[in-house]
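Overview (structure and organization)
One letter stands for each residue in the lines below.
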Amino acid sequence: ALQSDVVPIAMRISQTIHVGQPALLSAVLGYNMPDGTAAFISNLGGLSPSIPTVNGIATWLWTPNVAGVQYIRVNYSSTVRNSSGTSEQSVNVLPPLPQDAIRLTAAGVGTINGGSPLNLTVGQSVALTGATTSGAPVLLSEEGPCVISGANLIALGTGQCVVTAMTPGTAAYA
């Protein structure tokens, strides 16, 4: 039999939430509550479909699009009699983080814009240097007949090589 003093469901929500940044919402079932489904809802509308709980937990990755205080609620239900509940929590969604600016330079070429092709001859190598406003690392990828080895772009064949620079950002930058 279920005890009446058991909290059926509780929520865990990321501490800092910004517009445009994914935030993990977790529904955690109380002690001995059977698996069922959970759905997340805000005062602005539905956030998730019904999600099956697995080992007492249901999660949803939510990307808010409005700043300000929002009230998040999770509704839980199960096919087992008297196994349902609701939990509600207010969150202050902060404005979007500023975009982290990336500067990519190629030795002997200078600053290159992301997505701009580099014309190299077979076997030619050029050193790449990336920097961000935040100081976060720069991750490089390439398309075309080239390969990135360490900080060098090396042409393996004839054609244009396109380098893309990305950054994971920091707590202060997206």
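Residues numbered from 1 in each chain as written. Predicted model: local features only at pLDDT ≥ 70, side-chain atom pairs only at ≥ 80, totals over all residues. Heavy atoms only, no water.

**Let's talk about the overall build of the chain**
From N to C terminus, the chain includes 0 helices and 17 strands. A compact globule built from 174 residues would reach a C-alpha radius of gyration of about 16 Å, whereas the chain, at 24 Å, exceeds it by more than 25%. Residue pairs at least 24 apart in sequence account for 60% of intrachain contacts in the chain once pairs closer than 6 positions are excluded. For the chain, the accessible surface area stands at approximately 9900 Å², while carbon and sulfur atoms represent 53% of it. (Helix = DSSP H or I, 4+ residues; strand = E, 2+ residues; numbered from the N terminus. Rg over C-alpha atoms; globule rule 2.2 N^0.38 Å. Contact = heavy atoms within 4.5 Å. Areas by Shrake-Rupley, 256 points an atom, 1.4 Å probe, with all protein chains shown as cover.)

**A short note on the environment of Ala-155**
Topologically, Ala-155 is positioned in strand E16 (residues 152-155). When residues no more than four places from it in sequence are discounted, the contact partners of Ala-155 are Leu-120, Thr-121, Val-122, Gly-123, Gln-124, Pro-145 and Cys-146.

**Regarding the sheet that holds strand E17 (residues 160-166)**
Read across the open sheet, the 3 strands follow the order E12-E17-E14; overall the sheet is antiparallel. What marks the edges here is a single partner per strand, and that holds for strand E12 (117-119) and strand E14 (139-143). The average undirected angle you get between the axes of adjacent strands in this sheet is 35°. Bridge analysis of E14 against E17 gives 5 bridges, and the strand direction is antiparallel. Note on E17: the bridge partner recorded for Glu-143 is Val-162. (Pairing = 2+ DSSP bridges. Axes fitted to C-alpha atoms, helices over the stretch in contact; angles between N-to-C directions.)

**Let's talk about the nonpolar core**
Of all hydrophobic cores here, the largest spans 21 residues; its most connected members are Phe-40, Trp-62 and Ile-72. Mapped onto this core, the elements with two or more residues apiece are strand E1 (9-13), strand E3 (23-29), strand E4 (37-42), strand E7 (57-62), strand E8 (68-77) and strand E9 (84-94). Here this core gets 4 residues from one element, more than from any other, and that element is E3. Counting 12 residues, the second-largest nonpolar core is a separate cluster that includes Leu-104, Ile-112, Leu-120 and Cys-161. (Core = buried A, V, L, I, M, F, W, Y, C linked by side-chain atoms within 4.5 Å. Buried < 20%, exposed > 50% of the residue type's maximum accessible area, 1.4 Å probe, protein only.)

Read these as spatial facts, not as claims about activity.
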